[in-house]
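Close look at the chain arrangement
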Protein chains: 2
Amino acid sequence: MSINMRRMLIGRPLPTSEAIHQRLSIPKALAVFSSDALSSTAYATEAILLVLIAAGSGALGVSMWIAIGIAALLIIVAFSYYQTIHAYPNGGGAYIVSKDNLGKGPGLVAAAALLIDYILTVAVSVSAGVAALVSAFPEFDPLRIEVALVIVAFITIVNLRGVKESGTFFAIPTYAFIFGVFAMIAVGVARVVTGTVPTVTPEALEGAGHATEALGGLTLFLVLRAFAGGCTALTGVEAISNGIPAFKRPESDNAGRTLIIMVGILSTMFVGITFLANSFPLTVSHEPGTATVISQVARYTFGDGTLFFFYFQFATLFILSLAANTAFADFPRLASLIAQDRFLPRQLTNLGDRLVFSNGIISLAFVASILIIIFDAREHNLLPLYAVGVFLSFTLSQSGMVVHWFKERKKQGFAPTLSWRLKVALNGFGALCTFVVLWILLITKFVEGAWLVAVSIPVVIFLFLRVHKHYEDVAHSLTLDGIESADIHPDSYKTGNRQPVVVLVNSLNRSSLQALEFAVRFSDNVRAVSISVESSAVENLQARWKKLNVGIPLDVIESPYREIGRPLIGYLHELDEKSPDRNLPTTVILPEFVVSTWWEKLLHNQTSVAIREALYQDQIARGRGRAVINVPYRIGDELYEPVIARKKAVVSAPTPEPVTSAPSVNGTHAS
Amino acid sequence: MSINMRRMLIGRPLPTSEAIHQRLSIPKALAVFSSDALSSTAYATEAILLVLIAAGSGALGVSMWIAIGIAALLIIVAFSYYQTIHAYPNGGGAYIVSKDNLGKGPGLVAAAALLIDYILTVAVSVSAGVAALVSAFPEFDPLRIEVALVIVAFITIVNLRGVKESGTFFAIPTYAFIFGVFAMIAVGVARVVTGTVPTVTPEALEGAGHATEALGGLTLFLVLRAFAGGCTALTGVEAISNGIPAFKRPESDNAGRTLIIMVGILSTMFVGITFLANSFPLTVSHEPGTATVISQVARYTFGDGTLFFFYFQFATLFILSLAANTAFADFPRLASLIAQDRFLPRQLTNLGDRLVFSNGIISLAFVASILIIIFDAREHNLLPLYAVGVFLSFTLSQSGMVVHWFKERKKQGFAPTLSWRLKVALNGFGALCTFVVLWILLITKFVEGAWLVAVSIPVVIFLFLRVHKHYEDVAHSLTLDGIESADIHPDSYKTGNRQPVVVLVNSLNRSSLQALEFAVRFSDNVRAVSISVESSAVENLQARWKKLNVGIPLDVIESPYREIGRPLIGYLHELDEKSPDRNLPTTVILPEFVVSTWWEKLLHNQTSVAIREALYQDQIARGRGRAVINVPYRIGDELYEPVIARKKAVVSAPTPEPVTSAPSVNGTHAS
């Protein structure tokens, strides 16, 4: 990507010192971190009703109790996280809390579960946004995957522009949706109380309010499944605890306040919508073409075709499409924490031009796009996979907090006070509740797709461990243990360097001359080598070598099969044998051309690519590195003036005493 | 491609010394070089008849005269080329002959024309093969492009296996087709003479023999168009003159003999088929679904549904698909000649594993495949482009021969003898005939597509010249003109190397220690530099540097925008300023890791890629090269043992007299 295009898309680079000014105020943070959680109210009620309808329309009333139960769970989890936020002011996501208190294993489980869930969040919410768009404009249906990928690309670019800018941008749809839902609840409740529900056009109501035949009884399993369906409303609650460092100072206070505000809004909206859904004669059906529950509620509240009804529809569409933004805010941050602990590639810790973890953002967009393509951008294919990871991380994080409080008491040695007991109880109760819900989710959704998550988590953990093992190996290879001092002074090495150096030459010209002069400045032990693919070319080279009186021995390697790599490696191994020190393998000097355009590059022999590959394979096989010196020669600019040519011009200048070049034992190489 | 897969597809590598054993005998050469020319008899007669039918079926009789005219032209061209083959025993294609006698310009025109025509030959003949296949198995019609590309890939692999093997392989279809056509002519002529034409089923004959209404009169233009259509029979005649070095010794004699045999077979087949086509009541029509003329002739000759009829159909299908092979034999050879003269990329002169010009073969396959895709694998879209290039090169080559004879006489100073006059007359008449046909082709086919060739030839010539200009610039940059002696002796440089060397470090470990030790062996003027992206990491490095007492100055570059490239380049420019000699820019040492798998590579910071790119751009901008030393450290094998560590062990070893490192003027750098 050219610099200009990059500037246009993501803006000018920000200096590291500006990081503090990129922090989020509470209103912006609410927009960034709550769009995921709040958007789930657009479908959570429907998820409950669609399960209950199997027991006939009479069973739908139970939804109100389920909604209240979920709201209660939400409040418990929120307070539990509120405590976490204050205990871990530098970011208290499930990964940190579990790792700190339960150990590395549970930490990695939480990390894997959360990463998977963030990816699913993006895929699900963008797909849901596309579904809303397609139900408004059915002509887009054949393009659903393309539209979804464009939305992902758009969110990616906004996030690459920086945390603050995405906060500003995403504030609009989030607050528009909040306003719309609250207006709907206020007007709707007023209508229910006063009994003034507007008439709805017959088409819109086809089949509405008709009693549906029960397919079976209202079993406990059904109620639990309905409960599990509604629990998607809780996803996104952990987002704030991961994102504490993005808040303005004092971070914990602001994050805690944002959490409470968010949960207040969320539970009101969820219970309110479920109440209205129970008060109007809705159509609840799996049939394709049935309007969503939330749009039916809006139609009964505002009246069909009114301006406000359309406003509400569009606000829903936007919040659903952009809910993915919360995952974009959290995933890169979590990935960078994991990478800091060396369980993921180090590049994920790099701050990009705009002080965000660009590599994490791009990775998330990439993987989510693949999921969207695989699942055909249809969110109902993805929903069963969703939420399992969240509840696993909830459970681990809150169990971790319980351990945390015990450790705290042990460290400070105080007797169990009432406030301490309350803290333990809150986190413990939270852990218990989410643990139960986790099992409900797993059991009721296992066959539909939750098994895929149960399989993916161990796979991701295996990758974590593999990456970690590699970084450990690297660290072990590089350790300076046992070396107390490294007083490398140039003087102590200056005794005539006998390290073998080989210059590859094809013909004698200014470029090879430059390389040869470079070599002799470096070592007393320089040879040139040419690989004979065509005998006439080599004879020509040898003749010129003699004629120009080059004072460096020229070796010729025969290559009957016109290869370059293998004969060269064989030759180097021979020289390595003769090296005065096995720690000093033969160094290779490659003269190369610098040309300015891609097509000029194509015009030059690609042999250096083959040589590089051969040297790389040899290093792998030998278990030792070999230094390679590229001496580039710029084509088309001023000529390189060989030192030797200038020396001729001042031929009578006093020649300095030559350093001995005899292969004697010397201080540097004594062993 | 892995070595094993390569072995399987194209066979074991052949040593250069085996080249002589890869030469072709006359029977194999006939198969390789004539498949293109002979296969054209499968459609040349039809091409004539389809033009004449516009003047009504009564006009078809003219085709016999046109065929005889083309056969005469063929024999003239053949004898003209026979002379060329003996005059240029090392390969006398149109490019060489025109360049030698008419100059560089006409040579390049001939080269461009021939290259384009070879590409068209592949596209046309493979498409014609697919058409024959599809008329037999219509279910392949939707896959015509895929089938065509598979055939191209197959011919490519056979050719990569070597000249001799492809000769063996392609002998089968070529001789099968020759046998089939001769059998058909013999039986057909016997039937015509005895009047025993077998009955043909009514479906096959629908509309056959019915007089067709004339659309217009039999104008001269129409006759010329018919003649032009039939001239495709001449394409491929120049193949042998390009391929002389592929023949067994004596090359010219064998090649000449092969040419005469080929032309004899070709003209007999062409005239014979046209005669039979005039003797049977054929359907000649542009309607889709009409059987080809040659298959109608075969049906009348052998009888519908007979075994021999099927044999003939399959032989036609094979020769058409594989006629492309002639182009594969010639294009790479011609391209390598042009590349030797530096008008095409040098890589085209490389002999591959199997002693063929692999890069030329692959280039031809690639470009022809693109043409096949663009023209939808339908040969009638491509035919109008065809043959123009061939006749242009015929004309140039034979005009060149006329000039050649005059030069020859001038050089040897003999009076014009009768045999000399005959030679000039033969080539001159050949040149005149082909020149006239060239104009007929251009005029009658211009609108249908020949204009595309007229446009492409100058474009290709422009590319030739552009490539040539580049190689000239390179040669100029590299010239040793003005340098009489290059007696580089290590001793003359050993006066304390003051060339600035910079080692890039991120942290102090065995890898950076290895690089530092490498640097001090090379120069007295070594610095280390670290680019500060994260201040804590740099402070850590500085502390360790001090603690381990590293005797090399460590510079730190601040990078507020977390870039690597730009700050590094700025720093290097500063050091360059301070260099004792502007011919010695600062050398950069990059410690790097050697890991064995692709995923391990992904785990390491990609900064070295960014550094390389920055250094490359800087070299372009400065117009000077800068040496870069990679000091690789193999991860996971035995540890590198720093020299310094071993030195400590023998702490009392006598320290040799240090070479002065003061920046004094010295012999090497005096200017």
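Here the structure is a predicted model, which is why all the values come from computation and not from measurement. Numbering of residues begins from 1 in every chain and follows the order in which that chain's sequence is written. Just so you know, chain letters begin at A and ligand numbers begin at 1, following the order they were written in. Totals for whole chains, interfaces and linings use every residue, but because this is a predicted model, local features are given only for residues with pLDDT of at least 70 and side-chain atom pairs only at 80 or more, for both listing and counting. Values shown for side chains rest on all heavy atoms present in the structure; no hydrogens or waters enter the calculation.

**With respect to the overall build of chain A**
- A run of H or I in DSSP counts as a helix once it spans at least four residues, and a run of E counts as a strand once it spans at least two, with each numbered from the N terminus. If you tally the helices and strands in chain A, you get 25 helices and 5 strands.
- Sequence separation of 24 or more characterises 81% of the internal contacts of chain A that already satisfy a separation of 6 or more. Two residues form a contact once any of their heavy atoms are found within 4.5 Å.

**Description of the packing of aromatic side chains**
- Put simply, two rings from Phe, Tyr or Trp (the six-membered ring, in Trp's case) pair if the centres are within 6.5 Å, and we call them stacked under 30 degrees between planes, edge-to-face over 60, tilted for the rest. Counted under the stated rule, the structure contains 31 aromatic pairs over all chains.
- A ring pair is formed by Phe 179 of chain B and Phe 308 of chain B, whose centres lie 6.2 Å apart and whose planes are at 65 degrees; its orientation type is edge-to-face. Here Phe 308 of chain B lies in helix H13 (residues 307-322) and Phe 179 of chain B lies in helix H8 (residues 163-194), a separation of 129 residues in the sequence.
- Summary of the burial criterion: residues with accessible area below 20% of their type's maximum are buried, those above 50% are exposed, and those between are partly exposed, where the area comes from a 1.4 Å probe applied to protein chains only. Among the residues examined, Phe 308 of chain B registers a relative accessible area of 29% and is labelled partly exposed.
- The rings of Phe 177, Phe 179, Phe 302, Phe 308, Tyr 311 and Phe 312 of chain A are connected pair by pair, giving a single aromatic cluster.
- Here the basic side chain of Arg 409 of chain B rests over the ring of Trp 420 of chain B, its NZ or CZ set 4.9 Å away from the ring centre. Look at NZ for Lys and CZ for Arg. If either is within 6 Å of the ring centre and within 35 degrees of the ring normal, a charge sits over the ring.

**Thoughts on the environment of Phe 328 of chain A**
All names here are of chain A.
- Within the fold, Phe 328 resides in helix H15 (residues 324-340).
- The sequence separation of Phe 328 and Asn 359 amounts to 31 residues, and the corresponding C-alpha distance is 11 Å.
- Beyond its immediate sequence surroundings of up to four residues, Phe 328 is in contact with Val 122, Val 152, Ile 155, Thr 156, Asn 159, Ile 361, Leu 364 and Ala 365.

**Section: the domain arrangement of chain A**
- Reported domain spans reflect what an automatic or database domain assignment gives. You can read the domains of chain A as domain 1 (3-470) and domain 2 (501-661).
- Between the C-alpha centres of domain 1 of chain A and domain 2 of chain A there is a distance of 62 Å.

**Observations concerning a nonpolar patch on the surface**
All names here are of chain A.
- Residues enter patches when they are more than 30% accessible in relative terms and free of salt bridges; like-charged ones are connected within 9 Å and nonpolar ones (Val, Leu, Ile, Met, Phe, Trp, Tyr) within 5 Å. Methods summary: accessible areas were calculated by the Shrake-Rupley approach with a probe of 1.4 Å, and residue burial reflects only the protein chains presented. Throughout this description, the term salt bridge denotes a Lys or Arg side-chain nitrogen within 4 Å of a carboxyl oxygen of Asp or Glu. A surface patch of nonpolar side chains, about 710 Å² in accessible area, is lined by Phe 446, Val 447, Trp 451, Val 455, Val 459, Phe 462 and Leu 463.
- Relative to the helices and strands, Trp 451 resides in helix H19 (residues 418-478).
- A relative accessible area of 40% places Trp 451 in the partly exposed class.

**Section: the pairing of strand S3 (residues 554-558) of chain A**
All names here are of chain A.
- Only strands joined by at least two bridges in the DSSP assignment are considered to pair. In the sheet, strand S2 (residues 526-532) pairs with S3 via 5 bridges, with the strands oriented parallel. By the bridge assignment for S3, Ser 530 is matched with Val 556.
- The handedness of a crossover follows from its direction of travel: if, with the strands pointing away from the viewer, the path from the first strand over the helix to the second runs clockwise, the crossover is right-handed. Note that the unit made of S2, helix H21 (residues 535-547) and S3 has a crossover that is right-handed.

**Structural notes on the sheet that holds S3 of chain A**
- With mixed pairing, 10 strands are arranged side by side in an open sheet as S3(A)-S2(A)-S1(A)-S4(A)-S5(A)-S5(B)-S4(B)-S1(B)-S2(B)-S3(B). Because the sheet does not close on itself, it has two edges, and the strands there are S3 of chain A together with strand S3 (554-558) of chain B. The mean angle between the axes of side-by-side strands here comes to 30 degrees, regardless of whether they run parallel or antiparallel.
- As paired strands, strand S5 (residues 628-634) of chain A and strand S5 (residues 628-634) of chain B are joined by 3 bridges and run antiparallel to one another. Residue pairing for S5 of chain B: Val 628 of chain A is matched across the bridge by Asn 630 of chain B. Axis definition: a line fitted to C-alpha atoms, over the contacting stretch in the case of helices. Angles run 0 to 180 degrees between N-to-C directions.

**A closer look at the side chain of Ser 559 of chain B**
Residue and element names in this part refer to chain B.
- Note on placement: Ser 559 falls in the loop between S3 and helix H22 (565-578).
- Relative accessible area serves as the criterion here: at 4%, Ser 559 is assigned to the buried category.
- Here a polar contact is recorded for every N or O atom pair within 3.5 Å, except that within protein the pair must consist of a potential hydrogen donor and a potential acceptor, and residues adjacent in sequence are included only if both atoms are side-chain atoms. A polar contact is formed between the side chain of Ser 559 and the backbone oxygen of Glu 563, at a distance of 2.7 Å.

**Concerning the pattern of salt bridges**
- Following the criterion strictly, the structure yields 25 salt bridges over all chains and no others.
- Residues Asp 341 of chain A and Lys 99 of chain A are paired through a salt bridge, measuring 2.6 Å at the closest nitrogen-oxygen approach. Placement of the pair is Asp 341 of chain A in the loop between H15 and helix H16 (358-374) and Lys 99 of chain A in helix H5 (residues 94-102), with a sequence separation of 242 residues.
- The class for Lys 99 of chain A is partly exposed, based on a relative accessible area of 27%.
- A salt bridge links Lys 469 of chain B to Asp 473 of chain B, with the shortest nitrogen-to-oxygen separation between them at 3.0 Å. Residue Lys 469 of chain B and its partner Asp 473 of chain B are located together in helix H18 (residues 418-478), separated by 4 residues, close to a single helical turn.
- Among the residues examined, Lys 469 of chain B registers a relative accessible area of 44% and is labelled partly exposed.
- A network of salt bridges, in which partner residues are shared, links Asp 576, Asp 618, Arg 622 and Arg 626 of chain A.

**Some details on the packing of H8 of chain B against helix H11 (residues 251-279) of chain B**
All names here are of chain B.
- For the pair H8 and H11, interaxial distance at closest approach is 10 Å and the crossing angle is 40 degrees. Relative to H11, the element H8 is oriented oblique. The way H8 lies across H11 gives a crossing that is left-handed. Residues Phe 177, Ile 178, Val 181, Phe 182, Met 184, Ile 185, Gly 188, Val 189 and Val 192 of H8 form the contact with H11, whose participating residues are Ile 265, Thr 268, Met 269, Gly 272, Ile 273, Phe 275, Leu 276 and Ser 279.
- Polar here means any residue outside two lists: the nonpolar Ala, Val, Leu, Ile, Met, Phe, Trp, Tyr, Cys and Pro, and the charged Asp, Glu, Lys and Arg; Gly therefore counts as polar. Here the contact of H8 with H11 is composed, by residue class, of 13 nonpolar, 4 polar and no charged. Roughly parallel means an angle under 35 degrees; roughly antiparallel, over 145; roughly perpendicular, 65 to 115; everything else is oblique. The hand of a helix crossing depends on one turn: near helix anticlockwise from the far one by less than a right angle means left-handed, and clockwise means right-handed.

**Observations concerning the confidence of the model for chain A**
Residue and element names in this part refer to chain A.
- Summary of the metric used: pLDDT quantifies the predictor's per-residue confidence within the range 0 to 100. Taken residue by residue, chain A gives an average pLDDT of 83. The fraction at 70 or more is 89%.
- In the predicted structure, residues 202-211 sits below a pLDDT of 50 and forms 14 contacts with residues beyond four places in sequence or in another chain.
- This stretch, residues 648-671, has a pLDDT under 50; its non-local contacts, to residues over four places away or in other chains, come to 29 contacts.
- Across the assembled chains, the prediction reports ipTM 0.75 with pTM 0.73.

**A closer look at the pairing of strand S2 (residues 526-532) of chain B**
- Burial of S2 of chain B is extensive: 6 of the 7 residues sit out of reach of the surface.
- Once you follow strand S1 (residues 501-504) of chain B into helix H20 (residues 510-522) of chain B and on to S2 of chain B, the crossover reads as right-handed.

**Some points on the side chain of Thr 434 of chain B**
All names here are of chain B.
- Along the chain, Thr 434 turns up in helix H18.
- Within polar-contact distance, the side chain of Thr 434 engages the side chain of Gln 398 at 3.4 Å.
- Non-local contacts of Thr 434, meaning those with residues more than four positions away in its chain, are made with Val 77, Phe 391, Phe 394, Thr 395 and Gln 398.

**Side note on the state of the cysteines**
Residue and element names in this part refer to chain B.
- The definition used for a disulfide is geometric: two cysteine sulfur atoms within 2.5 Å. Counted by the stated rule, this structure contains 0 disulfides over all chains.
- Between Cys 231, a cysteine without a disulfide, and Cys 433, which holds the nearest cysteine sulfur, the sulfur-to-sulfur distance is 10 Å.
- With a relative accessible area of 0%, Cys 231 lands in the buried category.
- According to the relative accessible area criterion, Cys 433 is buried, its value standing at 16%.

**What to know about helix H20 (residues 510-522) of chain A**
Residues and elements named next belong to chain A.
- Between the first and last residue of a helix there are one fewer steps than residues, each counted as 1.5 Å, and that sum is the expected span. With 13 residues, H20 extends 19 Å between its outermost C-alpha atoms, agreeing within 8% with the 18 Å of an ideal straight helix rising 1.5 Å per residue.
- Extensive coverage of H20 is indicated by the burial of 13 of its 13 residues.
- Residue Asn 509 occupies the N-cap position of H20, its side-chain oxygen lying 3.0 Å from the main-chain nitrogen of Ser 511.

**Here we look at helix H8 (residues 163-194) of chain A**
Residues and elements named next belong to chain A.
- Across its 32 residues, H8 extends 45 Å between first and last C-alpha, which sits within 8% of the 46 Å expected from 1.5 Å per residue.
- The bend at a residue is defined as the angle formed between two axes, one fitted to the seven residues ending at that residue and one fitted to the seven starting there. The sharpest bend along H8 comes to roughly 35 degrees, located at Ala 171, with the proline Pro 173 sitting one to four residues further on.
- Where H8 ends, the next residue or the one after it, Gly 195, has phi of about 70 degrees, a positive value.

**Observations concerning the packing of helix H18 (residues 388-412) of chain A against H19 of chain A**
Residue and element names in this part refer to chain A.
- Put simply, H18 and H19 touch, their axes get as near as 6 Å, and they point 155 degrees apart. In terms of axis orientation, H18 runs roughly antiparallel to H19. Seen along the crossing, H18 lies across H19 with a hand that is left-handed.
- Class assignment for the residues of the contact of H18 with H19 results in 19 nonpolar, 7 polar and 2 charged.

**Remarks on unusual backbone geometry**
- Residue Pro 250 of chain A follows Arg 249 of chain A across a cis peptide bond; omega there is -10 degrees.
- Positioned with a positive phi, Ala 377 of chain B is a non-glycine residue whose angle comes to about 55 degrees.
- One can find Ala 377 of chain B in the loop between helix H15 (358-374) and helix H16 (379-382).

**Overview of the environment of Thr 274 of chain B**
Residue and element names in this part refer to chain B.
- Mapped onto the fold, Thr 274 is located in helix H11.
- Separated by 114 residues in the primary sequence, Thr 274 and Val 388 have C-alpha atoms spaced 23 Å apart.
- In this structure, Thr 274 is in contact with Thr 45, Ser 63, Met 64 and Ala 67, ignoring residues within four places of it in sequence.

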